[in-house]
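Observations on chain architecture
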Amino acid sequence: MNNNLILEMKQITKDYPGVRALDQVDIKVKEGEIHALCGENGAGKSTLMKVLSGVIPYGDYDGDIFYEGKRCEFKNVKQSELMGIGIIHQELALIQDLSIAENIFLANEISKRGVIDWDEANRQTIALLKKVGLDEAPEELIKDLSVGKQQLVEIAKALSKDIKLLILDEPTSSLNEEDSQNLLKMIKELKSQGVTSIIISHKLSELEQIGDSLTVLRDGKTVDYLDFKKDEVNEDRIIKAMVGREITNLYPEKSNKIGDILLEVKNWSVDHPLYDRRMADNVSFYVKKGEVVGFAGLMGAGRSELFRSIFGKSFGRNIKGETYINGQRVHLNNVSQAIKHGMAYATEDRKTYGLILIDSIKNNVTLAGLNKVIKRGVIDDNLEVRDSEKQVKALKLKYSDINQDTLNLSGGNQQKVVLSKWMYTAPDILILDEPTRGIDVGAKYEIYQIINQLAEMGKAVIVISSEMPEVIGVSDRVYVMDNAVIKGELTKDNVSQEAIMRTILKKKEEVKVNGETKTTTA
Amino acid sequence: MAKLKQRLLENKLIKWMRGNEKLALLGSLLKDNIRQYGMFMALIIIMIFFYFVTNGISVRPLNINNIILQNAHIIVLAVGMLFVIVTGNIDLSVGSVAAFVGAMIAIFMRRMDIAWYIATLMGIGIGILAGMWNGFWIAFIKIPAFIVTLGGMLIFRGLTLLVLGGQTIGPLSGGFNRISSGFISDPFGGELHWLTLIAGFIASAFVIFSTIKKRRRRIDFNFEVLPIWVSVLVTSLTLIGINLLTYTLAQHRGLPNVSIILFVVIVIYTFISKKTKIGRHMYAVGGNKNAAELSGVNTRKTLFLAYTNMGMLAAFSGIIYAARLNAATPKAGELFELDAIGSVFIGGASMSGGIGTVGGAVIGALVMGVINNGMSLLGLGIDWQQVVKGLVLLMAVWFDIATKNKR
Ligand SMILES: Nc1ncnc2c1ncn2[C@@H]1O[C@H](COP(=O)(O)OP(=O)(O)OP(=O)(O)O)[C@@H](O)[C@H]1O
Ligand SMILES: [Mg+2]
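Residues numbered from 1 in each chain as written. Chains lettered and ligands numbered in written order. Predicted model: local features only at pLDDT ≥ 70, side-chain atom pairs only at ≥ 80, totals over all residues. Heavy atoms only, no water.

Within chain B one finds 17 helices and zero strands. By the compact-globule yardstick of 22 Å for 407 residues, chain B fits well, its C-alpha radius of gyration being 22 Å. Overall, the C-alpha framework of chain B stretches about 70 × 60 × 45 Å when taken along its three principal axes. Scored against the burial criterion, the 407 residues of chain B give a buried share of 50%. Taking contacts inside chain B between residues at least 6 apart in sequence as the whole, the part at least 24 apart equals 78%. Carbon and sulfur atoms make up 70% of the accessible area of chain B, which totals about 19600 Å². Considering chain B, the positive charge centre built from 35 side chains and the negative charge centre built from 15 side chains are found 6 Å apart. (Helix = DSSP H or I, 4+ residues; strand = E, 2+ residues; numbered from the N terminus. Rg over C-alpha atoms; globule rule 2.2 N^0.38 Å. Buried < 20%, exposed > 50% of the residue type's maximum accessible area, 1.4 Å probe, protein only. Contact = heavy atoms within 4.5 Å. Areas by Shrake-Rupley, 256 points an atom, 1.4 Å probe, with all protein chains shown as cover. Lys, Arg positive; Asp, Glu negative; His and termini not counted. Charge placed at Lys NZ, Arg CZ, Asp CG, Glu CD.)

Here you go:
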């Protein structure tokens with residue numbers, strides 16, 4: 001064996017009922033490098049890393065793991081941790097009701113004679129948080145942090161252990177541009193300290209930016225290995241290996257015709273349900289028939305909160321403002337009224353708000369549009385199976401059985417189930433909150449195509465996204481939101497990453513001076 | 001051991017079935033319902049066990065009849081509790097509500113001379129109100145169910161003591177008593193109770209008819225269907241089961257009145273849980289309240305209904321129990337809630353909500369009932385019965401966890 005390999009996994013095979021998640025996968029990682037792992041949704045990336053870290057114990061898979069030259073048989077996570085392997089899972093695994101420090105030192109408490117030394121723990125927590133660019137207090141509760149910040153806490157938690165190999169499963173999928181860059185810098189920093197990393201991501205540009213080598217999985221098999229120093233690496237090549245065909249254009253061509261105003265919201269304000277904080281402050285905007293409108297901004301700008309409060313008052317307190325659909329004033333007091341008025345809102349956080357994980361794909365898909373499979377008060381099972389299969393197949397969902405629990409789907413495929421649910425209600429106004437989070441390039445393209453199709457059918461589509469290229473790529477018009485207000489509006493002709501950033505950086509006063517409606521252009 | 005068993009089941013048999021084109025559907029059906037089938041098998045095994053140790057007394061017509069009569073009030077409760085637990089909650093007050101309903105009916109009949117059927121309807125009304133009371137605090141004021149129903153347990157027990165003045169009221173009217181002690185009369189007369197046998201035939205015909213209809217529908221939709229021999233086998237076993245039961249009962253006095261109540265309750269609630277919007281919504285609320293809410297489910301209304309319904313079924317339970325004793329006593333209904341909750345969990349429901357079936361809850365109640373009955377036949381007292389029931393509950397849930405393939 002090559003002695004500068006820190007890790008070699010050979011012929012790893014893992015079966016789940018109905019699917020072979022890994023099929024004789026080989027992967028090699030050199031000591032001190034950043035190794036990228038990519039592949040389509042459900043290719044087996046997370047599963048492979050679960051095997052490596054002992055989440056899937058020895059004996060539940062076939063094949064061999066050689067780590068630092070030794071053959072390893074991890075029976076649980078603790079054992080791999082002792083060897084210096086740390087993993088940050090795709091789905092956050094923090095305890096919401098505990099503080100940052102409590103989470104970081106969970107099962108790893110610093111104690112003196114059996115008593116936890118919180119002063120020391122807090123001191124170390126502050127240092128760790130600083131490393132990941134957070135300036136939160138150690139006592140702050142996890143549930144009060146945004147998803148982006150929670151992710152950073154996860155990383156701080158991994159750093160608190162003495163690790164040599166850090167596995168990051170889609171660490172940036174819920175981070176904004178700036179935080180992502182910070183994180184990548186940090187991984188490089190760790191590299192200079194001798195820590196090896198394996199990073200999984202669907203953001204290929206990031207992998208190109210920091211990777212030293214790369215393994216591509218497809219359908220549970222290793223299909224490509226690239227060394228960034230020796231091979232010529234570019235996105236097209238990676239994509240081709242991932243999906244097995246070429247994708248030339250990341251954003252499909254559009255041919256939608258824009259009509260009259262379909263949804264208009266005037267002077268909308270909403271407060272945080274618990275704290276004295278404005279989440280949206282006197283916001284006004286409109287969307288026309290056949291139009292795709294983007295909502296750009298940084299994580300935490302208040303976009304999700306704004307739309308959840310519009311969508312049947314499902315968020316916040318002291319909601320003020322007016323909603324018009326087709327020029328008619330509507331009062332959407334609960335979600336089912338919003339759905340009846342043709343609205344759909346696909347949430348960003350699939351685990352907490354999007355899916356019933358312990359329920360089947362079928363039941364999740366039909367939940368919001370159950371009336372369509374009810375005949376004379378009775379659910380028609382067969383119709384339900386047929387409809388839900390049709391719906392998920394349109395999004396190329398990878399699954400083995402329509403009755404399987406959504407819990408066992410890969411992250412990206414779970415996201416597709418959330419989208420299927422809302423597509424099934426056949427909405428006129430579709431609000432998509434971070435619709436491509438954790439979704440592979442091929443599937444992204446399909447989702448953009450669906451957005452375009454809906455627009456061509458004369459529907460209004462709102463896309464909330466923190467990925468600027470995406471907002472720019474799919475939208476006809478873009479609102480820039482920051483700190484609970486709309487800071488500006490950009491059209492297809494003048495939108496660019498710089499323009500969005502410039503708009504965000506505008507001072508609040510400046511916006512106020514510019515006009516009452518706050519929908520001034522940049 | 002359990003893990004080994006699970007592996008065998010999971011990996012060899014089911015995988016083979018799922019790999020085999022013809023049996024794939026059966027394999028996935030088994031996999032999805034392994035818990036329910038497992039508990040059903042356990043019930044059969046327990047019955048066979050008692051058959052041998054009691055020298056066949058346990059399956060004599062009289063005893064089968066007794067098992068139904070002795071457990072009807074728990075089965076009814078378990079069905080209601082299933083829905084409450086599926087929404088991710090609990091109801092500790094059902095025993096007290098049952099007692100209170102029984103007490104009020106006794107007072108209506110004995111002290112106020114109200115006709116038994118009107119008194120019974122009023123009793124059901126009281127149960128519904130009690131359920132609404134719990135539901136109001138839980139669904140609308142958002143007080144944890146454990147607290148609200150613990151309070152309800154005390155409140156309704158206290159009210160029972162109050163209205164009865166600590167005394168037992170009985171006997172009650174003959175009409176009321178017949179709810180639990182009466183039998184459907186046989187127009188044919190003779191040794192065997194022919195009407196019961198005919199009921200068995202009608203049920204059989206219905207099973208055959210609906211199996212064929214379902215199969216046709218699946219074919220219409222171009223879905224996979226079970227191989228014909230599997231369908232025939234399963235249907236035949238079901239028919240044998242139904243007719244064996246009715247034949248046994250026909251040798252005694254036929255169908256007891258409560259069996260009709262049970263049959264109707266089980267059929268209606270199975271239907272509600274599987275085939276209606278409100279049923280689906282209960283599972284959704286228990287599975288993920290946030291996601292359900294954002295998908296347009298009115299979570300408050302759903303919870304409120306689950307408790308209102310529970311109140312009604314608690315009233316049924318109280319009525320069945322009081323009618324069997326032919327008296328209302330201050331101690332009626334004690335520990336009913338635990339038997340009902342135990343049945344639901346033995347039947348495969350999940351503590352955290354979203355998972356469970358009506359059939360499972362009924363089987364759970366029967367498992368407990370058959371064990372109780374068998375042990376009494378052997379002369380073992382309530383002491384041993386409690387120990388064994390506790391162990392059964394633990395084992396059942398252990399089996400549950402062991403068969404769930406994690407991650
Ligand atoms: N516990 C499980 N039970 C059954 N199937 C599973 C389970 N876990 C994963 N799978 C299946 O294994 C396959 C690989 O899943 P995995 O999570 O590794 O994909 P991934 O490459 O990480 O995808 P993504 O990019 O969407 O996160 C998928 O088809 C998934 O449905
Ligand atoms: Mg994954």
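Let's shift gears to the domain arrangement of chain B. Residue and element names in this part refer to chain B. Split into domains, chain B comes out as domain 1 (29-182 + 256-379) and domain 2 (187-254). Each of domain 1 and domain 2 has a C-alpha centre, and the two are 27 Å apart. With nine residues of domain 1 in contact, the opposing surface of domain 2 contributes seven residues. Note on domain 1 versus domain 2: buried area summed over both sides is about 610 Å², and carbon and sulfur give 79% of it. (Domains from an automatic or database assignment. Buried area = accessible area lost by both parts, 1.4 Å probe.)

For any two aromatic rings, the description comes down to two numbers: the centre-to-centre distance and the angle of the planes. Taken as a whole and assessed by the stated rule, the structure comprises 20 aromatic pairs over all chains. Centroid distance A:F285 to A:Y479: 5.9 Å. Interplanar angle 65°. Geometry classified as edge-to-face. Here A:F285, found in strand β14 (residues 278-288), pairs with A:Y479, found in strand β23 (residues 477-482); they are 194 residues apart in sequence, far enough to count as distant. Since its relative accessible area comes to 2%, A:F285 is described here as buried. For A:Y479, a relative accessible area of 0% translates into the label buried. The interplanar angle of 40° and the centroid separation of 6.1 Å between the aromatic rings of B:F100 and B:F156 together place this pair among those described as tilted. (Phe/Tyr/Trp six-rings, centres within 6.5 Å; stacked < 30°, edge-to-face > 60°.)

Bringing the pairing of strand β3 (residues 34-39) of chain A into the picture now. Residue and element names in this part refer to chain A. Of all the six residues making up β3, six are buried; the element is thus mostly covered by neighbouring parts of the structure. The two faces of β3 match: I34, A36 and C38 on one face and H35, L37 and G39 on the other face are all buried. Bridge analysis of β3 against strand β10 (residues 196-200) gives four bridges, and the strand direction is parallel. The residue of β10 that forms the bridge with A36 is I199. Inspection of the sheet shows β3 paired to strand β11 (residues 213-218) by five bridges, in the parallel sense. From the neighbouring strand, C38 faces β11, where its bridge partner is V216. (Pairing = 2+ DSSP bridges.)

Right, let's talk about the sheet that holds β14(A) for a bit. Residues and elements named next belong to chain A. Taken together, four strands build an open sheet; the order of strands is β14-β13-β16-β17 and the sheet is antiparallel. Only two strands of the sheet have a single neighbouring strand rather than two, namely β14 and β17 (328-330). Neighbour-to-neighbour, the strand axes of the sheet open up by a mean angle of 15°, direction not taken into account. The pairing of strand β13 (residues 261-271) with strand β16 (residues 317-325) spans six bridges and is antiparallel. Residue pairing across strands places L263 opposite I325, the latter belonging to β16. The strands touched by helix α9 (residues 303-310) are β13, β14 and β16; relative to β14, the strand with the most contacts, the crossing angle is about 70°. (Axes fitted to C-alpha atoms, helices over the stretch in contact; angles between N-to-C directions.)

Attention now moves to the pattern of salt bridges. Residues and elements named next belong to chain A. If you walk through the whole model with that rule in mind, you get 32 salt bridges over all chains. Between D212 and K191 there is a salt bridge; the shortest N-O distance is 3.1 Å. Here K191 lies in helix α6 (residues 177-192) and D212 lies in the loop between α7 (204-210) and β11, a separation of 21 residues in the sequence. Residue class for D212 comes out buried when judged on its relative accessible area of 12%. For K191, a relative accessible area of 28% corresponds to the partly exposed category. Put simply, E446 and K396 hold a salt bridge, and the shortest N to O gap is 3.4 Å. Here E446 is found in helix α15 (residues 441-456), whereas its partner K396 is found in the loop between α13 (381-394) and α14 (411-424), with 50 residues between them in sequence. With a relative accessible area of 54%, K396 lands in the exposed category. (Salt bridge = Lys/Arg side-chain N within 4 Å of Asp/Glu carboxyl O.)

Glancing now at the interface of chain B and chain A. A common way to express how large an interface is: the accessible area buried when the components associate. Opposite the 34 residues of chain B that make contact, chain A presents 43 residues. Applying the counting criterion to the chain B and chain A interface returns three salt bridges. With a shortest N-O distance of 3.1 Å, B:K275 and A:D381 are connected by a salt bridge. Looking at the side of chain B that touches chain A, the elements that each hand over two or more residues are α1 (2-19), α2 (24-32), α9 (194-220), α11 (257-275), α12 (277-287) and α13 (289-294) of chain B.

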